[in-house]
Amino acid sequence: QVQPVESGGGLVQPGGSLRLSCAASGSKFSGNAMGWYRRAPGNQRELVAAISSGGSTQYADSVKGRFTISRDGSKNTVYLQMNSLEPGDTAVYYCQPLRSWYPARPLYENDDWGQGTQVTVSS
């Protein structure tokens, strides 16, 4: 399974900001909608934000107004700008192509999503 490479995570205080990047090579990534997911300890993976090939976006209610997803199609890169971070945002973040938009579903329904990037929000 070809995996995108996530980066940009780190340890920040509540109220801080991070920008995550997803470098994804191949037509399955550049030609499809892309989503950012996260998984906190003890929780299932959940969709945080998604962007379609045409630029439409959707967000989890918990991050609306704080996170912004964007895409650089020519460079096969997807970004997640995270502002006003909260302790509840602490998780490992992953990006994956989507196979449907409503509802947003990941193309790969398995646990082989690579390392992701760790975001920790703590004082």
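Right, let's walk through the structure included here.

### Concerning the environment of Asp72
Argument step 1. Topologically, Asp72 is positioned in strand S7 (residues 67-72).
Argument step 2. Asp72 sits in the partly exposed class, given a relative accessible area of 21%.
Argument step 3. Residues in contact with Asp72, not counting those within four places in the same chain, are Thr77 and Tyr79.

### Focus: the nonpolar core
Argument step 1. Counting residues in each nonpolar core, the largest one holds 25 residues, and the members touching the most others are Met34, Trp36, Phe67, Leu80, Met82 and Tyr93.
Argument step 2. Of all the elements in the fold, those that place two or more residues in this core are strand S3 (18-23), strand S4 (34-39), strand S5 (46-51), S7, strand S8 (77-82), strand S9 (91-100) and strand S11 (117-121).
Argument step 3. Grouped together as the second largest cluster of nonpolar side chains are 10 residues, Ala33, Ala50, Leu98 and Trp101 included.

### Section: the state of the cysteines
Argument step 1. According to the stated counting rule, one finds one disulfide in the structure shown.
Argument step 2. Disulfide partner of Cys22: Cys95, at an S-S distance of 1.8 Å. Between Cys22 and Cys95, the disulfide has an S-S torsion of 65° and is therefore right-handed. With Cys22 in strand S3 and Cys95 in strand S9, this residue pair connects regions lying 73 residues apart in the sequence.

### Quick notes on the packing of aromatic side chains
Argument step 1. All chains considered together, the criterion is met by three aromatic pairs.
Argument step 2. Seen in terms of ring centroids, Tyr37 and Trp113 are 5.1 Å apart; in terms of plane orientation they differ by 70°. Their pairing is edge-to-face. Of this pair, Tyr37 sits in strand S4 while Trp113 is found in the loop between strand S10 (105-106) and S11, placing the two residues 76 residues apart along the sequence.
Argument step 3. One aromatic cluster is present, formed by Tyr37, Tyr94 and Trp113 through successive ring pairs.
Argument step 4. Geometry around Trp113 places Arg45 over its ring, the cationic atom sitting 3.7 Å from the centre.

### What to know about the sheet that holds S8
Argument step 1. Taken together, the four strands give an open sheet; going across it, the order is S1-S3-S8-S7, and neighbouring strands pair in antiparallel fashion. Each edge of the sheet is formed by a strand with only one pairing partner; in this case those strands are strand S1 (5-7) and S7. When the angles between neighbouring strand axes are averaged without regard to direction, this sheet yields 15°.
Argument step 2. In this sheet, S3 lies alongside S1 in antiparallel orientation, the contact comprising three bridges. Along S3, the bridge assignment pairs Val5 with Ala23.

### Examining unusual backbone geometry
For residues other than glycine, phi is negative in most cases, and the peptide bonds are mostly trans.
Argument step 1. Of the consecutive residues Tyr102 and Pro103, the connecting peptide bond is found in the cis state with omega at -5°.
Argument step 2. With respect to the secondary-structure elements, Pro103 resides in the loop between S9 and S10.
Argument step 3. With a phi close to 50°, Ser84 is a non-glycine residue in the positive phi region.
Argument step 4. Position of Ser84 among the secondary structure elements: in the loop between S8 and S9.

### Some words on the pattern of salt bridges
Argument step 1. Taken as a whole and judged by the stated rule, the model has nine salt bridges.
Argument step 2. Of the charged contacts, one joins Arg38 and Glu46 as a salt bridge, the two residues approaching to 2.8 Å between their closest N and O atoms.
Argument step 3. Between Arg105 and Glu109 there is a salt bridge, with the nearest N and O atoms lying 2.7 Å from each other.
Argument step 4. Under the relative-accessibility criterion, Arg105 is labelled partly exposed at 37%.
Argument step 5. Residue classification places Glu109 among the partly exposed residues on the basis of a relative accessible area of 44%.
Argument step 6. Each of the salt bridges in this network shares a partner with another, and the network as a whole consists of Arg38, Glu46, Arg66, Glu86 and Asp89.

About the thresholds
- Residues numbered from 1 in each chain as written.
- Predicted model: local features only at pLDDT ≥ 70, side-chain atom pairs only at ≥ 80, totals over all residues.
- Heavy atoms only, no water.
- Helix = DSSP H or I, 4+ residues; strand = E, 2+ residues; numbered from the N terminus.
- Buried < 20%, exposed > 50% of the residue type's maximum accessible area, 1.4 Å probe, protein only.
- Contact = heavy atoms within 4.5 Å.
- Core = buried A, V, L, I, M, F, W, Y, C linked by side-chain atoms within 4.5 Å.
- Disulfide = S-S within 2.5 Å.
- Phe/Tyr/Trp six-rings, centres within 6.5 Å; stacked < 30°, edge-to-face > 60°.
- Lys NZ or Arg CZ within 6 Å of the ring centre and 35° of its normal.
- Pairing = 2+ DSSP bridges.
- Axes fitted to C-alpha atoms, helices over the stretch in contact; angles between N-to-C directions.
- Salt bridge = Lys/Arg side-chain N within 4 Å of Asp/Glu carboxyl O.

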